[in-house]
Amino acid sequence: MSASALKDLNISQPVDLDKGKGDSMKSCVSKPVLNGSKCANKEENAPSACPDAVTNGNEAVLADVEYIDSENLVDLPDVDATLSTLVKRLDSKDWIMTCEALNNVRQLAIYHKERLQELLKPLVPLIVKSVKNPRSAVCKTALMTCADIFKAYGDLMVDSIDPLLVQLFLKASQDKRFVCEAAEAALISMTNWISPSLLLPRMQPYLKNRNPRIRAKASVCFSKSVPRLDVEGIKEYGMDKLIQIAATQLSDQLPESREAARNLALELQVIYEKSQASTSGENEGEPSASPDAESWEAFCQSKLSALSAQAILRVTSTTPKDGVTAGVTSAPKEGVAVGC
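Residues numbered from 1 in each chain as written. Predicted model: local features only at pLDDT ≥ 70, side-chain atom pairs only at ≥ 80, totals over all residues. Heavy atoms only, no water.

- The protein goes by TOG domain-containing protein in an unreviewed UniProt entry, where it is assigned to Urochloa decumbens.

If you want it as structure tokens, here you go:
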């Protein structure tokens, strides 16, 4: 080949590559995806660089992923066929098949939860695996699945929740917004549908996790779960244990943890003072104990170190408490956000 021909070839290659790149990006225009007769939500904030595109040289193929709200999920046409292949498809290396299987889990949890319950034990590790998947579409669909199974099974999920918790806390604290929002929705579902008396002991170890982001999300969920206990439930769990947790989190590294601790301290103060007032009412006419022994200040000083007691009392004496106890004695149900 002559020197002139080689020069022309070198000049034409970048042009061809740029053209191929432009053609690839055009294929990233997504189309509406339907679930039955209802339109599925597409991620508005999804990056434009086509993270879920499969590239081969200069060509890209984009597979649309359905992010379907729970209320828009329709029933399965063949439940038996879906169940027979569900575990295999969840463990597939084909990420599109995995997303479809995750949506099937959601459909089964809503329409056939008794039949899905038999498979929960092998399913949960596969859902955790999908939550950890680096592909955002798989991760988000798995987080949506978590929200639906928490709602469907409630307290039955407690024995399987440990491997999910750390991943939910991590995903809820990451920078990718649409994944973060899905993780927070799953945490809200968890705290709404699992009894706090069962959930709080599971979350407590994460309040001391080495990762400050995990601690922060655990603190928020913990502080939002405590008010769902009634007065007797808090006494059974241990008011002294709870105030010690609040005092510890007040000095945490992240502001989110400290704010959660302040909210928890305020909740505990109101509940403690209500319980003391109730006890005084029941014993009216009997000799009363020393007022100092029943006061919030005396309680904190008896259960905490001097510095910790001072920190708690500073928070509870200067922060307005109006509205803090909304929903203390009644558990929030569907659609009630707890802000985890």
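Moving on, there is more to tell.
Some thoughts on the environment of Leu 73
So, point 1. Summarising the element assignment, Leu 73 is placed in the loop between β4 (59-62) and α2 (79-90).
So, point 2. In sequence terms Leu 73 and Leu 108 are 35 residues apart; their C-alpha atoms lie 10.0 Å from each other. (Helix = DSSP H or I, 4+ residues; strand = E, 2+ residues; numbered from the N terminus.)

A word on the side chain of Thr 98
So, point 1. Along the chain, Thr 98 turns up in helix α3 (residues 95-111).
So, point 2. Judged by relative accessible area, which is 5%, Thr 98 ranks as buried.
So, point 3. Excluding anything up to four places from it in sequence, Thr 98 contacts Arg 89, Leu 90, Ser 92, Ser 130 and Val 138. (Buried < 20%, exposed > 50% of the residue type's maximum accessible area, 1.4 Å probe, protein only. Contact = heavy atoms within 4.5 Å.)

Re the confidence of the model for the protein
For residues with low pLDDT, the predicted coordinates do not support detailed interpretation.
So, point 1. Across the protein, the average pLDDT comes to 80, with 70% of residues at 70 or higher.
So, point 2. Overall, residues 287-293 carries pLDDT values under 50, and its contacts beyond four positions in sequence, including any with other chains, amount to 4 contacts. (pLDDT = per-residue confidence, 0-100.)

Overview of the nonpolar core
So, point 1. Of all hydrophobic cores here, the largest spans 84 residues; its most connected members are Phe 222 and Ile 312.
So, point 2. Contacts of Phe 222, omitting those with residues within four sequence positions, involve Leu 200, Met 203, Gln 204, Leu 207, Tyr 237, Leu 242, Ile 245 and Leu 264. (Core = buried A, V, L, I, M, F, W, Y, C linked by side-chain atoms within 4.5 Å.)

A few points about the pattern of salt bridges
So, point 1. With the rule as written, the count across this model stands at 10 salt bridges.
So, point 2. Close ionic contact of Asp 148 with Arg 106 constitutes a salt bridge, the shortest N to O distance being 2.6 Å. With Asp 148 in helix α6 (residues 136-153) and Arg 106 in helix α3, this residue pair connects regions lying 42 residues apart in the sequence. The residues Asp 148 and Arg 106 share a single accessibility class, namely buried.
So, point 3. Ionic pairing is found between Glu 181 and Arg 177, a salt bridge with its closest N-O pair at 2.9 Å. Taken together, the residues span about one helical turn, with Glu 181 and Arg 177 both in helix α8 (residues 177-193) at a distance of 4 residues. (Salt bridge = Lys/Arg side-chain N within 4 Å of Asp/Glu carboxyl O.)

Considerations on the side chain of Ser 223
So, point 1. For Ser 223, the position within the fold is in helix α10 (residues 212-225).
So, point 2. Among the polar contacts made by the side chain of Ser 223, one reaches the main-chain carbonyl oxygen of Val 220 at a distance of 2.9 Å. (Polar contact = N/O pair within 3.5 Å; in protein donor to acceptor, adjacent residues only side chain to side chain.)

With respect to the environment of Ala 142
So, point 1. Structurally, Ala 142 can be placed in helix α6.
So, point 2. On a C-alpha basis, the gap between Ala 142 and Lys 132 in space is 9.0 Å, while along the polypeptide they are 10 residues apart.

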